[in-house]
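Structure at a glance
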Amino acid sequence: MNTKNTLSVCLFPAAGYGTRFLPATKAMPKEMLPILTKPLIQYGVEEAMEAGMNTMAIVTGRGKRAIEDHFDISYELEQQIKGTSKEKMLYGVRHIIDQCTFSYTRQIEMKGLGHAILTGETLIGEQPFAVVLADDLCVNESEGVLTQMVKLYQQYHCSIVAIEAIDPSKTHQYGVIAGEMIEEGIYRVTTMVEKPSPSDAPSNLAIIGRYILTPDIFDILRETSPGKGGEIQITDALMEQAKQGKVIAYQFKGKRYDCGSIDGYVQATMELYQQEKSQ
Ligand code: G1P
C-alpha cells in the first residue's frame, strides 16, 4: 500500500473506437490524433509528468499499437534525422521515454469506462492513481489540472473528480455531480449520475476526464452492475465512495477542450495554433 502523499501512476483508458472521427480513426487510435504536431495522448502524459507521475499505465485494445510505438525509440527515423534541424522535434517525446515507464494491457471487450479502469488494475495494484481521458485536452497557464488535483489529494486523501459548469442542456453527455461546497470550487460529493437528461440532472457540474482514485475502487468496480448504456460506469462506482463522503469534486483552473468531438478538436487546434504563433 502506497501511503506516500505523492502519486506515481497515471492510467490512460485508450481502448475506445473513436467513431466520431471515422474514417481517420479506422486504422489509427483516436488518442494519436494530433493537435498541431503532438498526439492527444502525449499532452496527457506531459500533464501527468508535470504532476510528478512517472509510470504511465495504458489500457489499449485492438488496433492501438501506434500508441506503444510512439512512446518507444524509432532507431531508423532517429538515425535518419540525426544532426539535422528536424532532430529537435523529437526532444519532447524522447524526454518522456527517458523519464517514464510505460506499461500496457488490453481491454478485450468494450464494457465501459469503469470496466476499462478495472482492466488496468493489474498495472496499478494497491495504490492511489490518476486517470486521464486523453480526448479531454486540458490546458492552463500555470499548473496543469492533474498537478492541482494531486495537491488536493494531499489534503483530502480520497477520490477526486475534476468538474466544470456546463450548459444545462448538455448534461446527457457527462457524469454529473451534486455536493456540498466545502471551499470555493471544492465540493464533497453527495450524488453523482451518469449522463442524466437535463430534467434529471442534480446540477450542471459535469465530470471531465481527470480523476484521482483510491485503490478500493477496484473492489467496488468488481461489484458494480452495468448502468447507463449497459456499461460498467466509473460514475456508479464512485457513487459508492461518495456515500461514505469519500469523493471530492474540484472545479479546476484552466480550459478543457472536448477533443472527442469535431468542434472541440478544431477549437483546440485553432487556439493552440494562435498561442504558438504569438510566442
Ligand atoms: C466519460 C464518463 C463521464 C464523464 C466523461 C468526461 O464519458 O463516463 O462520466 O463525464 O467521460 O469526458 P464518455 O465521454 O467516455 O462517454
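In what follows, the structure referred to is the one given above.
Structure report, in brief. As the structure is a computational prediction, the values presented were derived from the model and not from experiment. Each chain has its residues counted from 1, following the order in which its sequence is written. Side-chain atom pairs in this predicted model are given and counted only at pLDDT of 80 or more, local residue features only at pLDDT of at least 70, and totals for whole chains, interfaces and linings cover all residues. To get the side-chain values, take all heavy atoms of the structure and skip hydrogens and water.

Remarks on helix H9 (residues 234-243)
Along H9, 7 of the 10 residues are buried, which leaves the element largely enclosed by surrounding structure. Accessibility here uses a 1.4 Å probe with only protein chains present; expressed as a share of the type maximum, an area under 20% marks a residue as buried, one over 50% as exposed, and anything in between as partly exposed. The helix count covers DSSP runs of H or I at least four residues long, the strand count covers runs of E at least two residues long, and both are numbered beginning at the N terminus. When we look at burial in H9, the residues that qualify are Ile234, Thr235, Ala237, Leu238, Met239, Gln241 and Ala242. Looking one or two residues past H9, Gly245 carries a phi angle of roughly 75°, positive in sign.

Let's talk about the pattern of salt bridges
Oppositely charged side chains can pair when the atoms bearing their charge come close. By definition, a salt bridge exists where a carboxyl oxygen of Asp or Glu is found within 4 Å of a side-chain nitrogen of Lys or Arg. If you walk through the whole model with that rule in mind, you get 15 salt bridges. With a closest N to O distance of 3.9 Å, Asp98 and Arg94 form a salt bridge. Taken together, the residues span about one helical turn, with Asp98 and Arg94 both in helix H4 (residues 91-99) at a distance of 4 residues. Glu143 is the salt-bridge partner of Lys151, the closest N and O atoms lying 2.2 Å from each other. Each of Glu78, Arg94 and Asp98 takes part in salt bridges that share partners, so that together they form one network.

Section: the site of the ligand
For this purpose, a residue is taken to be near a molecule or strand whenever a single non-hydrogen atom of the residue falls within 4 Å of it. Around the ligand, the surrounding shell holds 13 residues, and the nearest of these are Asp136, Gly175, Glu194, Lys195 and Ile207. Two N or O atoms form a polar contact when they lie within 3.5 Å of each other; inside protein one atom must be a possible hydrogen donor and the other a possible acceptor, and for residues adjacent in sequence the pair counts only when both atoms belong to side chains. Here an oxygen atom of the ligand and a side-chain polar atom of Glu194 are 2.6 Å apart. The side chain of Lys195 places a nitrogen or oxygen atom 2.7 Å from an oxygen atom of the ligand. Computed on the free molecule, the ligand has an accessible area of 380 Å², of which 75% lies beneath the protein chains in the complex. Exposure was quantified through the Shrake-Rupley algorithm and a 1.4 Å probe, taking into account, for residues, occlusion by the shown protein chains and nothing else.

Thoughts on H4
Those residues of H4 not exposed but buried are Val93, Ile96 and Ile97. For H4, the angular spread of the buried residues around the axis is 95°, confining them to a single face. Pointing more than 90 degrees away from the buried face of H4 are the exposed residues Tyr91 and Asp98. Contacts are assigned to residue pairs with any non-hydrogen atoms lying within 4.5 Å of each other. The inward-facing, buried residues of H4 abut helix H1 (40-50), helix H2 (65-70) and strand E5 (101-106). Summarising the geometry, the arc corresponds to the directions from the helix axis toward the C-beta atoms.

Here we look at the nonpolar core
As a rule of thumb, soluble globular proteins bury nonpolar side chains together. In this structure, Cys10, Phe12, Ile41, Val45, Met53, Met56 and Leu146 are the most contacted members of the largest nonpolar core, which totals 40 residues. A total of 7 residues in this core trace back to one element, the largest contributor, which is helix H7 (residues 145-156). When near neighbours in sequence (up to four residues on either side) are disregarded, Leu146 contacts Cys10, Glu47, Ala48, Ala51, Met53, Ala130, Val132 and Arg210. Counting residues in each nonpolar core, the second largest holds 32 residues, with Leu118, Phe129, Phe218 and Leu221 among its members. The set of buried Ala, Val, Leu, Ile, Met, Phe, Trp, Tyr and Cys residues whose side-chain atoms join them within 4.5 Å is what this entry labels a nonpolar core.

Focus: the packing of aromatic side chains
Ring pairs are drawn from Phe, Tyr and Trp, using the six-membered ring of Trp, whenever the two centres fall within 6.5 Å, and their geometry is named by plane angle: stacked under 30 degrees, edge-to-face over 60, tilted for the rest. Within the structure shown, the criterion is met by 3 aromatic pairs. With a centroid separation of 5.4 Å and an interplanar angle of 70°, the aromatic rings of Phe21 and Tyr265 are classed as edge-to-face. One end of the pair, Phe21, is in the loop between strand E1 (9-13) and strand E2 (34-35); the other, Tyr265, is in helix H10 (residues 262-278), and 244 residues separate them in sequence. Here the two residues Phe21 and Tyr265 agree in accessibility, since each one is buried. Ring centres 4.4 Å apart and planes at 15° place the aromatic pair Phe71 and Phe102 in the stacked group. Of this pair, Phe71 sits in the loop between H2 and helix H3 (75-81) while Phe102 is found in strand E5, placing the two residues 31 residues apart along the sequence. With a relative accessible area of 16%, Phe102 lands in the buried category. The aromatic ring of Tyr43 is capped on one face by Lys38, whose charged end is 4.6 Å from the ring centroid. A ring is considered to have a charge above it if a Lys NZ or an Arg CZ atom is located within 6 Å of its centre and within 35 degrees of its normal.

Brief notes about the state of the cysteines
In what follows, a disulfide is any cysteine sulfur pair within 2.5 Å. With the rule as written, the count across this model stands at 0 disulfides. Cys10 takes part in no disulfide bond, and the closest cysteine sulfur, belonging to Cys100, lies 9.9 Å away. Overall, Cys10 belongs to the buried group, its relative accessible area being 0%. Among the cysteines around Cys158, which has no disulfide bond, Cys10 carries the closest sulfur, lying 18 Å off. Of the residues examined, Cys158 reaches a relative accessible area of 4% and is grouped as buried.

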